[in-house]
Amino acid sequence: MTPRLQPIAPPNAPVRAPLSLGRFLPVLPLCALMALSACGGGRDPDSLTQPRNHLLGVDRGATGGDDELKGGVNAYLWRGAIDTLSFMPFASADANGGVILTDWYQPPASTNERFKIAAYILDRRLRSDALRVSVFRQEKQGTEWVDTPVAPNTTSDITTRILARARQLRADNGNRD
């Protein structure tokens with residue numbers, strides 16, 4: 001059997017009591033507070049209260065003549081669709097896939113109808129066939145919302161506005177065809 005070695009303390013070293021949780025309880029709240037305050041990372045406290053809208057900041061103008069987003073859709077059509085549909089709440093927007101889905105929107109003047117729009121950017125080129133828009137409408141009948149057809153020109157009007165906005169963004173960026 002090998003002898004067990006004991007650490008030797010210097011002759012005038014103070015005798016220490018064994019560590020116990022009871023000794024640290026009074027300082028635990030202070031340690032937790034210090035750890036949490038270090039999580040800020042030097043951020044400006046005013047920026048914490050401002051909402052971060054990641055949808056409106058995506059590829060603002062496709063600068064430098066680049067009219068593609070990373071996913072291969074036309075950046076001007078994407079931005080034109082975001083700008084045109086910005087009056088409605090967005091349910092989701094995927095810049096890489098070119099899909100924008102709005103949530104239900106109820107016009108202020110109407111209490112018994114609501115609309116939802118799905119916009120799909122299908123191509124890298126700024127063309128009318130690179131955009132597909134679907135408009136959904138519901139009317140309130142009693143307490144239920146019932147699907148109803150939209151006016152025949154509604155979808156084409158929204159498509160035309162998106163295309164016009166996309167062309168304007170392209171022209172503003174110095175790309176004229």
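None of these values were measured; they are calculated from a predicted model.

Engineer: Help me understand the overall build of the protein chain, please; the structure alone is not making it clear to me.
Structural biologist: Within the protein chain one finds four helices and five strands. Along the protein chain, from the amino end to the carboxyl end, the secondary structure elements read α-α-α-β-β-β-β-β-α. A buried classification covers 27% of the 177 residues belonging to the protein chain. Across the protein chain, every contact between residues at least 6 apart in sequence was considered, and the portion connecting residues at least 24 apart equals 42%. About 12,700 Å² of surface is accessible on the protein chain, with carbon and sulfur atoms providing 55% of the total.

Engineer: Sorry if this is basic, but what is going on with the pairing of strand S1 (residues 90-94) here?
Structural biologist: Regular strands show a simple pattern: their side chains alternate between the two faces of the sheet. Sheet analysis places S1 next to strand S2 (residues 99-102), joined by four bridges and oriented antiparallel. Residue Ser92 lies in a different strand from S2, and its bridge partner there is Leu101. Linkage of S1 to S2, two consecutive antiparallel strands, is achieved through a turn of four residues, within which Gly98 is found at a positive phi near 75°.

Engineer: Looking at this model, I keep getting lost on the pairing of strand S4 (residues 131-141). Mind explaining?
Structural biologist: Of the pairings in the sheet, the one linking strand S3 (residues 113-121) to S4 comprises nine bridges and is antiparallel in character. Counterpart to Glu113 in the pairing with S4 is Glu139. What sits between S4 and strand S5 (residues 144-148) in their antiparallel hairpin is a turn of two residues, with Gly142 showing a positive phi close to 75°.

Engineer: Got a minute to help me understand helix H4 (residues 154-172) in this structure?
Structural biologist: Each turn of an α-helix holds 3.6 residues, which means side chains three or four residues apart point in the same direction. Counted at 1.5 Å a residue, the expected span for H4 with its 19 residues is 27 Å, and the 27 Å between its end C-alpha atoms agrees. Listed as buried for H4 are Ile158, Thr159, Ile162, Leu163, Ala166, Leu169 and Arg170. For H4, the angular spread of buried residues about the axis comes to 135°, placing them on one side. Turned more than 90 degrees off the buried face of H4, the exposed positions are Arg161 and Asp172. For H4, the secondary structure elements touched by its buried residues are helix H3 (75-84), S3 and S4. One or two steps after H4, the chain reaches Gly174, where phi turns positive at roughly 90°.

Engineer: Sorry, what's going on with the packing of aromatic side chains here?
Structural biologist: In this description, a pair of aromatic rings is defined by centroid distance and the angle of the planes. This structure, assessed with the given rule, holds one aromatic pair. Here the aromatic rings of Phe87 and Tyr105 are separated by 5.2 Å at their centres, their planes lie at 85°, and the arrangement is edge-to-face. One end of the pair, Phe87, is in the loop between H3 and S1; the other, Tyr105, is in the loop between S2 and S3, and 18 residues separate them in sequence. Positioned above the aromatic ring of Trp104, the side-chain terminus of Arg114 is 4.6 Å from the ring centre.

Engineer: Teacher, can you tell me more about the sheet that holds S2 here?
Structural biologist: Two pairing modes exist for strands in a sheet, parallel and antiparallel, and in both the strands are linked by backbone hydrogen bonds. As summarised here, the arrangement of the five strands in space is S1-S2-S3-S4-S5, forming an open sheet in which the pairing is antiparallel. Looking along the sheet, the strands with just one partner apiece sit at the ends: S1 and S5. The mean inter-strand angle of the sheet, taken between neighbouring strand axes irrespective of direction, is 15°. The sheet contacts of H4 involve S3 and S4, and relative to S4 the element is tilted by about 135°.

Conventions and cut-offs
For every chain, the first residue of its written sequence is number 1, and the numbers climb from 1 along that sequence. The predicted nature of this model means local features are confined to residues of pLDDT at least 70 and side-chain atom pairs, given and counted, to a pLDDT of 80 or more, with totals for whole chains, interfaces and linings taken over all residues. Heavy atoms throughout the structure, all of them, feed into the side-chain values; hydrogens and water do not. The way it works is that DSSP assigns letters per residue, a run of H or I at least four long becomes a helix, a run of E at least two long becomes a strand, and they are numbered from the N terminus. Exposure classes here rest on a 1.4 Å probe applied to the protein chains alone. A residue is buried below 20% of its type maximum, exposed above 50%, and partly exposed in between. The contact criterion used is simple: two residues touch if any of their non-hydrogen atoms lie within 4.5 Å. Throughout, the Shrake-Rupley method with a 1.4 Å probe supplies accessible areas, and for residues the shown protein chains are the sole cover considered. Note on pairing: two strands pair once DSSP finds at least 2 bridges between them. Expected helix span is taken as 1.5 Å per residue step, with the number of steps being one fewer than the number of residues. When we speak of the arc, we mean the arc of directions from the helix axis to the C-beta atoms. In this scheme Phe, Tyr and Trp rings, the latter by its six-membered ring, pair at centre separations within 6.5 Å, and the angle between planes marks the pair as stacked below 30 degrees, edge-to-face above 60, and tilted otherwise. In this scheme, the term charge over a ring applies when either NZ of a lysine or CZ of an arginine sits within 6 Å of the ring centre and within 35 degrees of the ring normal. Fitted lines through C-alpha atoms give the axes, limited to the stretch in contact for helices. The angle between two N-to-C directions lies from 0 to 180 degrees.

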